[in-house]
Amino acid sequence: MRVGVDYYPEHWDKSLWAADADLMKRTGVKLVRMAEFAWCRLEPRDGVFDFSWLDEAVALFADRGIDVVLCTPVSCPPLWLYEKHPEIVHVEKDGTPTRLGIRSHRCVTNPVFLQYADRITIEMAKHYAGNAAVVGWQIDNELEAYFCYCGHCIDRYRTWLQEKYGCLENLNRAYGNVVWSGEYSSWAQVTPPFGTLPHAWQNPAYMLDYYRFCSDNVIDFSNRQAAQLRQYCPGRPVTTNVWFCEHMPDFYKQFDGLDFISYDNYPATRLPSDPESCYSHAFHLDMMRGVKRQPFWIMEQLSGGKGCWAPMEKPPLPGMIRGYALQAFAHGADTVVHFRWRTANIGAEMHWHGLLDHSNVPGRRFREFADMCIEANALEKLQGTEIKADVAILFAFDNEYAFRIQPQTDGYYYMEQLQRLHRAFMGLGLNVDIIGQHEKLDGYRIVCAPEMYVTDAGVVERLNEFAMKGGTVILTTRSGVKDPNNNALMTLLPGPYQEMAGVHAVEYAPIGWEAVSVLFGDGTELQAKQWCDILETDTAEVLASYNGDYYCGAPAITRNACGQGQVYYIGTVGTQPVYDRVAGMAAEKAALPVVAGLPPRVEIVTRTGREASAKFIFNNDDQPKSFVMDGQEISLAPFEMKVVLI
Ligand code: GAL
């Protein structure tokens, strides 16, 4: 399990480079990532390339046995390029070109930008093709599904729609454009959602396509870069680093075209006092592993206090640097690259702290990092071990987009139920996969399909088949609501899932921040919020009913026998104990090997291999924990990770 660091030689006087590389070597760093923002130094003038400084840096690392990942520096075009071609900038929703000053302000479809981006990428790729120290490439930096309103993006959007719908009649029908006299009579009338009105005020069918288009647009760009890197620097795996942002590209499609996934991981340094909070990054890590269903990298890992984009936050508490890095390894990362080696003394990010502070004097965080490197390197024997999960949670970008477009009720957001189910099953000591909704379900025992809002007929069929053959499916509210165009289905909810769930809703109550309690058969009363499907059962049994409001006594949570399997339906948004309880019931019925009595915030991941297997037991809390597992008392200090070989 390899540890790396993000390094910016262009930020430092050369006199520091060798000392940095020596210290990295002594510390056990095996990889550096460089150059994602260095275009102005790599091509200081139009068509004049200078790789000499980067060659020197690469050589310094190579001499010390440290591998290098280089980035295409296309996130930050140099000012000479903007000066020559001011039209390459991203255009805002009010139609004004972005003002310069920060970064990522280029439009990734602009043909002039692409010409320059191609050229620097190809030049770099050719230059490093023969350099064995360069072991991989990162494209750009944190690509997002940008909403750009420039003329090129508008043209591409129209072409995208023409390819999808063929003619305006089809498009008008798909979007229901008759509403508010929105029917297009010429392609020229089709534009992105200009203006600052909330997206919920726009036509949801149109908006969902627009989100999909923006995702495809940026994916085209990353595929274009990948093709160039592969052609001119063959044999090096290509990735791009992603994060959970407001406009995420569809990771499943994006990484189809790339060799491995990498993710920027910045867990919380201040733990929320609310015990309900799902702050653990275990969810994100499992989701990253699920994107390609293979090991992934962390390309940027928390190393110091965050700042600069907002006022400074508390630094990582003692134990966090080690614990969070090992947590990433536990969940399937095989490389963790820390952001950044040293805190910048210059530029806007000088308050986003690295492993070393401005002083360059190694301190508490660096010492912890150094200890972690020794440990990570010793875990080499676990390289290649698998995380086999009985439980999967389905994720869909169509749902992520559709819920952003039309917020359902105050406080309701898509990820919450996924995160709660994830936390509930992890709380039983089980491995959990988070996978794209189109993945095969073979091998799982329990599949959670929360909020299957935008319906995909193939997915409905696969879930039904999975249950019929003996699997357990957990469905939740807001499923089967929309057709693939994001128009409402004319059906009782949960739409096409009714039969397998054995239940239908006669009404629903979006209750926002109001609370309602649900009463289980054994008299346990738990709290729910945001949404209440008022259910009637067809063939399902009632597990819990509402205990309040005008629907008091109506079923809230049900279970149905479906073929040889079981389908749970959670018709409300529960607080965490609701999901804990349903997960407990489902796991017990499926006879899964749960760990009973795990204290809150303790996470276990089991990795298995032919030669070695291990349990990673992590206390993701600032309080010590102890519990008994397999007859043995396990005690964990705050943020301690124990790796127990089994
Ligand atoms: C990441 C980004 C880095 C750096 C870091 C700290 O999102 O990729 O370049 O900005 O955040 O702010």
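Look above for the structure.
Residues numbered from 1 in each chain as written. Predicted model: local features only at pLDDT ≥ 70, side-chain atom pairs only at ≥ 80, totals over all residues. Heavy atoms only, no water.

*Asks:* Describe a nonpolar patch on the surface, listing the residues and the values that go with them.
*Replies:* Where nonpolar side chains cluster on the molecular surface, the patch consists of Val178, Val179 and Trp180 and spans about 410 Å² of accessible area. Position of tryptophan 180 relative to the elements: it lies in the loop between α7 (168-175) and α8 (204-232). (Patch = residues over 30% accessible without salt bridge, like charges linked within 9 Å, V, L, I, M, F, W, Y side chains within 5 Å. Areas by Shrake-Rupley, 256 points an atom, 1.4 Å probe, with all protein chains shown as cover. Salt bridge = Lys/Arg side-chain N within 4 Å of Asp/Glu carboxyl O. Helix = DSSP H or I, 4+ residues; strand = E, 2+ residues; numbered from the N terminus.)

*Asks:* Please provide a residue-by-residue account of the sheet that holds strand β14 (residues 503-520), values included.
*Replies:* The ten strands lie next to each other as β11-β10-β12-β13-β18-β17-β16-β14-β15-β19, forming an open sheet whose pairing is mixed. For this open sheet the edge positions go to β11 (432-436) and β19 (572-574), each flanked by a neighbour on one side alone. Pairs of neighbouring strands in the sheet enclose a mean axial angle of 20°, with direction left out of account. Taken together, the four bridges between strand β12 (residues 446-449) and strand β13 (residues 472-476) define a ladder with parallel strand orientation. What sits directly across from isoleucine 446, in β13, is threonine 472. In the packing of helix α14 (residues 414-426) onto the sheet, contacts are made with β10 (391-395), β11, β12, β13, β15 (525-537) and β19, and the angle to β10 comes to roughly 170°. (Pairing = 2+ DSSP bridges. Axes fitted to C-alpha atoms, helices over the stretch in contact; angles between N-to-C directions. Contact = heavy atoms within 4.5 Å.)

*Asks:* Report on the site of the ligand, specifying residues and quantitative values.
*Replies:* The full set of residues close to the ligand is Phe37, Arg103, Asn141, Glu142, Asp264, Tyr266, Glu300, Trp309, Phe339, Glu349 and Trp352. Measuring from an oxygen atom of the ligand, one finds a side-chain N or O atom of arginine 103 at 2.8 Å. Glutamate 349 places a polar side-chain atom, nitrogen or oxygen, 2.2 Å from an oxygen atom of the ligand. Isolated, the ligand exposes 300 Å² of accessible area, and the fraction of that covered by the protein chains is 94%. Here the shell around the ligand is built from residues that sort into five nonpolar, one polar and five charged. (Near = heavy atom within 4 Å. Polar contact = N/O pair within 3.5 Å; in protein donor to acceptor, adjacent residues only side chain to side chain. Nonpolar A, V, L, I, M, F, W, Y, C, P; charged D, E, K, R; others polar.)

*Asks:* Account for unusual backbone geometry, with residues named and values stated.
*Replies:* With an omega of -5°, the peptide bond between phenylalanine 339 and arginine 340 qualifies as cis. Within the fold, arginine 340 resides in the loop between β9 (333-338) and α12 (364-378). The backbone of glutamate 142 sits at a positive phi, close to 45°, despite the residue not being glycine. With respect to the helices, strands and loops of the structure, glutamate 142 is situated in the loop between β4 (134-138) and α6 (151-165). Overall, the relative accessible area of 15% leaves glutamate 142 in the buried class. The phi dihedral of cysteine 308 falls on the positive side, at around 75°, and the residue is not glycine. Residue position: cysteine 308 is located in the loop between β8 (296-301) and α11 (320-330). Given the relative accessible area of 26%, cysteine 308 is considered partly exposed. (Buried < 20%, exposed > 50% of the residue type's maximum accessible area, 1.4 Å probe, protein only.)

*Asks:* Talk me through the nonpolar core; I want residue IDs and the actual numbers.
*Replies:* Ranked by internal contacts, the top residues of the largest apolar core, which has 219 residues, are Met34, Trp341, Phe369, Phe425 and Leu463. Among the elements that take part in this core, α8 stands out by supplying 13 residues, more than any other. Not counting residues up to four positions away in its chain, the partners in contact with tryptophan 341 are Val5, Asp6, Tyr7, Asp20, Leu23, Met24, Val29, Gly354, Leu355, Leu356, Phe366 and Phe369. Residues Leu598, Val602, Ile604 and Ile634 belong to the second largest nonpolar core, which totals nine residues. (Core = buried A, V, L, I, M, F, W, Y, C linked by side-chain atoms within 4.5 Å.)

*Asks:* Explain the packing of aromatic side chains to me, using residue names and the numbers behind them.
*Replies:* All told, the structure shown has 40 aromatic pairs when counted by the stated rule. Note on tyrosine 7 and phenylalanine 61: the rings are 5.6 Å apart at their centroids and 85° apart in plane angle, and the pair reads as edge-to-face. Taken together, the residues span a long stretch of sequence, with tyrosine 7 in the loop between β1 (2-6) and α1 (14-27) and phenylalanine 61 in helix α3 (residues 52-63) at a distance of 54 residues. Neither tyrosine 7 nor phenylalanine 61 differs from the other in exposure class; each is buried. When the centroid spacing of 6.3 Å and the interplanar angle of 75° are considered together, the rings of tyrosine 324 and phenylalanine 618 count as edge-to-face. Taken together, the positions of tyrosine 324 in helix α11 and phenylalanine 618 in strand β21 (residues 614-619) put the pair 294 residues apart, joining distant regions of the chain. Since its relative accessible area comes to 2%, tyrosine 324 is described here as buried. (Phe/Tyr/Trp six-rings, centres within 6.5 Å; stacked < 30°, edge-to-face > 60°.)

*Asks:* If you had to explain the packing of α6 against α7 to someone new, which residues and values would you point to?
*Replies:* α7 packs onto α6 with a crossing angle of 90° between their chain directions and a minimal axis gap of 9 Å. The angle between α6 and α7 falls in the class roughly perpendicular. From α6, Tyr157, Leu161 and Tyr165 reach across to α7, where they touch Asn170, Leu171, Ala174 and Tyr175. Looking at the contact of α6 with α7 residue by residue, the classes come out as six nonpolar, one polar and no charged. (Parallel < 35°, antiparallel > 145°, perpendicular 65-115°, else oblique.)

*Asks:* Tell me about α1, and name the residues and values.
*Replies:* Note on helix geometry: an α-helix contains 3.6 residues per turn, so any two residues three or four positions apart are oriented the same way. End to end, α1 covers 20 Å across 14 residues, agreeing with the expected 20 Å (1.5 Å per residue, within 8%). For α1, the full list of buried residues reads Trp17, Asp20, Ala21, Leu23, Met24 and Thr27. In an axial view of α1, the angular spread of the buried residues amounts to 165°, which keeps them on one side of the axis. Among the exposed residues of α1, those pointing more than 90 degrees away from its buried face are Ser15 and Arg26. Looking at the buried side of α1, the elements it contacts are β1, β2 (31-34), α3 and α12. Positive phi shows up at glycine 28, right after α1, with a value of about 100°. (Expected span 1.5 Å × (residues − 1). Arc of directions from axis to C-beta.)

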